[in-house]
Amino acid sequence: MINKQKVDIEEYHPPQDESGESSEEEHEEAGAIKVTKLPPGTTEEAITLFFENRKKSGGGEVEKVEYDEANHSAVVWFTEAEGMDSLHF
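None of these values were measured; they are calculated from a predicted model.

Peer 1: Mind laying out the packing of aromatic side chains, listing which residues take part and the relevant values?
Peer 2: The full count for this structure, using the stated rule, is 3 aromatic pairs. Taken together, a centroid distance of 4.9 Å and an interplanar angle of 90° make the contact between Phe50 and Phe51 edge-to-face. Here Phe50 matches Phe51 in class, with each residue buried. Summarising the aromatic geometry, the rings of Phe51 and Phe78 are spaced 6.4 Å apart at their centres and angled 85° between planes, so their arrangement reads as edge-to-face. One end of the pair, Phe51, is in helix α2 (residues 44-52); the other, Phe78, is in strand β4 (residues 73-78), and 27 residues separate them in sequence.

And the structure:
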């Protein structure tokens, strides 16, 4: 729950280009998740703080957040695979 609202979380795989290579290769080893149904007014900072808080989310250190405010969704990239592997979802 972010800002007291349940969100949907799923594993994220970046789209591949025509050669079959990921457009986000440097992040592939660590992993990423896609978060949808974010409440209005959510900030990138709030998303980062939530997923770095092991007690709340079971996550780990966040490398970056790609936040799409218009669609109430974000892709969260972790610096290490453990961040994604230990999530509570």
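Having seen the structure, we can now continue with the description.
Peer 1: Tell me about the pairing of β4, residues and numbers included.
Peer 2: Counting buried positions along β4 yields 6 of 6 residues, so the element is predominantly enclosed. Burial along β4 is two-sided: Ser73, Val75 and Trp77 facing one way and Ala74, Val76 and Phe78 facing the other are all buried. Pairing geometry for strand β2 (residues 32-36) and β4, over 5 bridges, is antiparallel. Residue pairing for β4: Ala32 is matched across the bridge by Trp77. The turn linking strand β3 (residues 62-68) back onto β4 is made up of 4 residues, and His72 within it adopts a positive phi angle of 55°.

Peer 1: For the nonpolar core, give the residues involved together with the corresponding values.
Peer 2: Looking at soluble globular proteins, one finds that nonpolar side chains tend to be buried together. In terms of nonpolar packing, the biggest core is built from 15 residues, with Leu38, Ile47, Phe51 and Val76 touching the most fellow members. Sorting the residues of this core by element identifies β2, α2, β3 and β4 as the ones contributing at least two each. Every residue in contact with Val76, bar those within four places of it in the chain, is listed here: Gly31, Ala32, Ile33, Val35, Ile47, Phe51, Val62, Lys64 and Val65.

Peer 1: How would you summarise the sheet that holds β3 if you had to cite specific residues and measurements?
Peer 2: One open sheet holds the 4 strands; their spatial order is β1-β2-β4-β3, and the pairing between them is antiparallel. Whereas interior strands pair on both sides, the edge strands pair on one side only; in this sheet they are β1 (8-12) and β3. Taken pair by pair, the neighbouring strands of this sheet meet at an average axis angle of 20°, ignoring direction. The pairing of β3 with β4 spans 6 bridges and is antiparallel. Following the sheet pairing, Glu66 is matched in β4 by Val75.

Cut-offs and rules
- Numbering of residues starts from 1 in each chain and follows the order in which that chain's sequence is written.
- Where totals are concerned, whole chains, interfaces and linings use all residues; where local detail is concerned, this predicted model gives features only for residues with pLDDT of at least 70, and gives and counts side-chain atom pairs only at 80 or more.
- Only hydrogens and water are set aside; all other atoms, that is, all heavy atoms of the structure, feed into the side-chain values.
- Note on aromatic pairs: the rings of Phe, Tyr and Trp (six-membered ring only in Trp) are paired at centre separations within 6.5 Å, and the planes decide the class, stacked below 30 degrees, edge-to-face beyond 60, tilted for the rest.
- The rule is simple: take the accessible area with a 1.4 Å probe, protein chains only, and divide by the maximum for that residue type; under 20% is buried, over 50% is exposed, in between is partly exposed.
- Only runs of H or I of at least four residues qualify as helices and only runs of E of at least two qualify as strands under DSSP, and these elements are numbered from the N terminus.
- One requirement defines pairing of two strands: DSSP has to find at least two bridges between them.
- Buried Ala, Val, Leu, Ile, Met, Phe, Trp, Tyr and Cys residues form a nonpolar core when they are joined through side-chain atoms within 4.5 Å.
- Every residue pair with non-hydrogen atoms within 4.5 Å of one another is taken to be in contact.
- A fitted line through C-alpha atoms serves as each axis, taken over the contacting stretch for helices, and the angle formed by two N-to-C directions is quoted from 0 to 180°.

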